[in-house]
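Residues per chain are reported as follows:
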Amino acid sequence: MRSLAPGWHAHPMLPRRIVRHRLILFLGCLLVATGLTACDDEGPGTDTGFEYAALGDSFTAAPKIPNSSTDGCFRSDRNYPHRVAERLDDAQLLDVSCGGATAADIIQSQDQGDRVQPPQIEVVSADTDLVTVGMGVNDGDFSFRAAYECLQFAQNDPRGSPCTDANAKALPDVFERIQERLEGVYEAIAQRAPDARILAIGYPRLLPESGACPDRLPLAKGDVDFVRDAFEQLNETIEAAASATGVEYVDVAAAGAEHDICAEEPWINGRKEDRRTKAAPYHPTPAEQAAVADLIVDLL
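This one's a predicted model, so the numbers in the text were calculated from it and none came from an experiment. Every residue gets a number counted from 1 within its own chain, in the order that chain's sequence is written. For a predicted model such as this one, the threshold for reporting local features is a pLDDT of at least 70, and the threshold for listing and counting side-chain atom pairs is 80 or more; totals across whole chains, interfaces and linings nevertheless cover every residue. To get the side-chain values, take all heavy atoms of the structure and skip hydrogens and water.

**Q** Teacher, can you tell me more about the overall build of the protein chain here?
**A** Within the protein chain one finds ten helices and seven strands. Looking at the protein chain as a whole, 51% of its 300 residues are labelled buried. By the convention used here, residues are in contact when the closest approach between their heavy atoms is within 4.5 Å. The contacts in the protein chain between residues at least 6 apart in sequence include a share of 74% that link residues at least 24 apart. Values of accessible area rely on a 1.4 Å probe in the Shrake-Rupley scheme; residue burial ignores everything except the protein chains shown. Of the roughly 13600 Å² of accessible surface on the protein chain, a fraction of 50% belongs to carbon and sulfur atoms. Each helix is a run of DSSP H or I of at least 4 residues and each strand a run of E of at least 2, with the numbering of both proceeding from the N terminus. Accessibility here uses a 1.4 Å probe with only protein chains present; expressed as a share of the type maximum, an area under 20% marks a residue as buried, one over 50% as exposed, and anything in between as partly exposed.

**Q** Where do I start with the sheet that holds strand E5 (residues 130–134) in this structure?
**A** Two strands in a sheet stick together by hydrogen bonds in their backbones, pointing the same way (parallel) or opposite ways (antiparallel). At least two bridges found by DSSP between two strands is the condition for calling them paired. Pairing within the open sheet is parallel, and its five strands lie in the order E2-E1-E5-E6-E7. Of all the strands in the sheet, just strand E2 (91–95) and strand E7 (248–250) have a single pairing partner and so form its edges. Strand-to-strand twist of the sheet, defined as the mean angle between neighbouring strand axes without regard to direction, takes the value 20 degrees. The pairing of strand E1 (residues 50–56) with E5 spans five bridges and is parallel. Bridging across to E5, alanine 53 finds its partner in valine 131. All axes are obtained by fitting lines to C-alpha atoms, using only the stretch in contact for helices, and the reported angles, taken between N-to-C directions, cover 0 to 180 degrees. The strands touched by helix H7 (residues 171–192) within the sheet are E1, E5 and strand E6 (197–201), with E6 carrying the most contacts at an inclination of about 160 degrees. In the packing of helix H8 (residues 224–245) onto the sheet, the strands contacted are E6 and E7, and the crossing angle to E7 comes to about 160 degrees.

**Q** Is there a simple way to think about the pairing of E6 in this case?
**A** The side chains of a regular strand alternate between the sheet's two faces. The buried fraction of E6 amounts to four of the five residues, a majority that puts the element mostly inside the structure. As paired strands, E5 and E6 are joined by four bridges and run parallel to one another. When the bridges of E6 are listed, threonine 132 appears paired with leucine 199. The pairing of E6 with E7 spans three bridges and is classified as parallel. Opposite alanine 200, over in E7, you have tyrosine 249 as the bridge partner. Note on handedness: a clockwise path from strand one over the helix to strand two, with the strands aimed away from the viewer, defines a right-handed crossover. With respect to chirality, the unit in which E6 leads through H8 into the neighbouring parallel E7 is right-handed.

**Q** Is there a simple way to explain unusual backbone geometry in this structure?
**A** Glycine aside, a negative phi is what most residues show, and trans is what most peptide bonds show. Residues proline 66 and asparagine 67 are joined by a peptide bond in cis, for which omega reads 0 degrees. Residue tyrosine 282 is not a glycine yet carries a positive backbone phi of 60 degrees. Inspection of the secondary structure puts tyrosine 282 in the loop between helix H9 (252–255) and helix H10 (286–299). According to the relative accessible area criterion, tyrosine 282 is buried, its value standing at 18%.

**Q** Explanation requested: the pattern of salt bridges in the structure shown.
**A** A side chain with one charge may pair with a side chain of the opposite charge, provided their charged atoms come close. Within this document, salt bridges are pairs made up of a side-chain nitrogen of Lys or Arg and a carboxyl oxygen of Asp or Glu, the two lying within 4 Å of each other. One pass over the structure, following the stated rule, counts eight salt bridges. For aspartate 95, the salt bridge identified is with arginine 75, shortest N-O distance 4.0 Å. Here the residue aspartate 95 occupies a position in strand E2, and arginine 75 occupies one in the loop between helix H2 (58–61) and helix H3 (80–86), the gap between them amounting to 20 residues. Of the two residues, aspartate 95 and arginine 75, neither departs from the other in class, the shared state being buried. Glutamate 86 is paired through a salt bridge with arginine 78; the nearest N and O atoms lie 2.6 Å apart. For glutamate 86, a relative accessible area of 53% corresponds to the exposed category.

**Q** Could you clarify how one ought to interpret the state of the cysteines in this entry?
**A** As used here, a disulfide is simply a covalent bond connecting the sulfur atoms of two cysteines. Note that a disulfide, as used here, is simply two cysteine sulfur atoms within 2.5 Å. Inspection of every chain in the model, using the stated rule, returns three disulfides. The disulfide partner of cysteine 150 is cysteine 163, and the S-S distance across this bridge is 2.1 Å. On the sign convention where negative means left-handed, the S-S torsion of about -65 degrees between cysteine 150 and cysteine 163 marks this disulfide as left-handed. Placement of cysteine 150 in helix H5 (residues 142–156) and of cysteine 163 in helix H6 (residues 162–167) is noted, with a sequence separation of 13 residues between them. For the pair shown, cysteine 150 and cysteine 163 are each scored as buried. Numbered by position along the chain, the disulfide-linked cysteines of the protein chain connect as 1-2, 3-4, 5-6.

**Q** I keep staring at the pairing of E5 and nothing clicks. Help me out?
**A** Among the five residues of E5, five are classified as buried, and the element is accordingly described as predominantly covered. Of the two faces of E5, the one lined by Leu130, Thr132 and Gly134 and the one lined by Val131 and Val133 are each fully buried.

**Q** Could you clarify how one ought to interpret the environment of glutamate 176 in this entry?
**A** Along the chain, glutamate 176 turns up in helix H7. Looking at glutamate 176, the relative accessible area reads 38%, which means it is partly exposed. The spatial distance from the C-alpha of glutamate 176 to the C-alpha of alanine 241 is 9.9 Å, given a sequence separation of 65 residues.

The structure is reproduced here in structure tokens:
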């Protein structure tokens, strides 16, 4: 997870309909300027078989789960896109998920400092049959305000509610920005691949309905409810963006209600790399990736 660099923020004083209209115009102009239009016949795919484009961040890439790509994205060859493709007849997988990616990186290049990843949407074409999009946690400063900073604050105030005090009032605006961006991204994908089925993939449940496990997720005692609610609202925001644009939502949290980070069989790894599965800290386990693949295949 990462915080979003400045830029591509909605203006706080503009009405929502105007902001969204401007965002869609921006995406449309960018697609035209880069040649990524729905009528482009020179996409990366072919006219045979079933073409599946997987876009997303590290919860799609599944870093550290063997074997990971060496291009800076840490994309596992056992993540859910690969598992789905294995179960579809004659499927061509174009998996461009990448650790640290934001919604902006679907439309624009992802600058990783020592290297640059091309816009993820480049693999989507008029020939694409299925697009999955796992995105949102890195947008609008969400991961910084509801995860990274909470873990940092807890070291100095483990019995208080330092993260809640610092960030609770800011989250409503964060969720509004995330929804704006995701709606624009879903519409840009639909424009480029008008016949594709588009699935918005939610995130797994982070915490149980009550209680916590500081050995795996060391939060301050008073911040547990704040973090739990924040991740639930993130999924609600993704679902709202999908509903607003006619995209199907895959509810990973509901399917994994008994597999939070504190569970006996968690779908999110704790603060240490899993020695058995190699799953990265605070990232999906192989069981979660297999379960998401099941959800997608069942839906198809």
